[in-house]
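A structural walkthrough
So you can see what is in the structure, the chains are spelled out below.
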Amino acid sequence: QVQLVESGGGLVQPGGSLRLSCTAPGSIFSMSRMGWYRQSPGKSRELVALITSGGRIVYADSVKGRFTISRDSAGSTAYLQMNSLKPEDTAVYYCNAHVIPPDSDSYDYWGQGTQVTVSS
């Protein structure tokens, strides 16, 4: 069973920063588009940001200019640096590895989720 290990959530005041980390097995990480999603109570899970193995990046409009996604191949880890946090960023954040094998269909792994709460 493949596990994505997330860390870095917590409670922060508005305007503060947090960095989330997501570590995957190396064999999975190299073939994966890595992404961060979030889900608030009563809402659907939504894309926050994703980064391909080639470094192409996509952000949700709501986080552009405030969040930065990156990946470290040596450590098989994806990061989400979150700055200028707002109360509306409060959610459970999930890491996703969208695995794209060269000769078969793609598939997904998810992290266990980490709570981010932005409140004064």
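Just above, that's the structure.
The rules we used
Residues numbered from 1 in each chain as written. Predicted model: local features only at pLDDT ≥ 70, side-chain atom pairs only at ≥ 80, totals over all residues. Heavy atoms only, no water. Pairing = 2+ DSSP bridges. Helix = DSSP H or I, 4+ residues; strand = E, 2+ residues; numbered from the N terminus. Axes fitted to C-alpha atoms, helices over the stretch in contact; angles between N-to-C directions. Contact = heavy atoms within 4.5 Å. Phe/Tyr/Trp six-rings, centres within 6.5 Å; stacked < 30°, edge-to-face > 60°. Buried < 20%, exposed > 50% of the residue type's maximum accessible area, 1.4 Å probe, protein only. Lys NZ or Arg CZ within 6 Å of the ring centre and 35° of its normal.

Overview of the sheet that holds strand S8 (residues 77–82)
With respect to topology, four strands assemble into an open sheet ordered S1-S3-S8-S7, the strand pairing being antiparallel. Two strands bound the open sheet, and with one partner strand each, they are strand S1 (5–7) and strand S7 (67–72). Ignoring strand direction, the axes of neighbouring strands in this sheet form an average angle of 15 degrees.

Focus: the side chain of Ser-32
Of note, Ser-32 is situated in strand S4 (residues 32–39). Setting aside residues up to four positions removed in sequence, Ser-32 forms contacts with Thr-52, Ser-53, Arg-71, Ala-97, His-98 and Val-99.

As for the packing of aromatic side chains
Inspection of the entire model under this criterion finds two aromatic pairs. Centroid distance Tyr-37 to Trp-110: 5.1 Å. Interplanar angle 65 degrees. Geometry classified as edge-to-face. Of this pair, Tyr-37 sits in strand S4 while Trp-110 sits in strand S10 (residues 107–110); the two residues are 73 residues apart in sequence, bridging distant segments of the chain. Note on Tyr-37: relative accessible area 16%, which makes it buried. Ring geometry for Tyr-107 versus Tyr-109: centroids 5.5 Å apart, planes at 90 degrees, classification edge-to-face. Above the plane of the ring of Phe-29 lies Arg-71, whose end atom (NZ or CZ) is 4.3 Å from the centre.

Some remarks on unusual backbone geometry
Keep in mind that most residues, glycine aside, have a negative phi and that most peptide bonds are trans. The backbone of Ser-76 shows a phi angle near 50 degrees, a positive value even though the residue is not glycine. Relative to the helices and strands, Ser-76 resides in the loop between S7 and S8. Taking relative accessible area as the criterion, Ser-76 reaches 11% and is therefore assigned buried. At Ser-84, a residue that is not glycine, the phi angle is positive and equals roughly 50 degrees.

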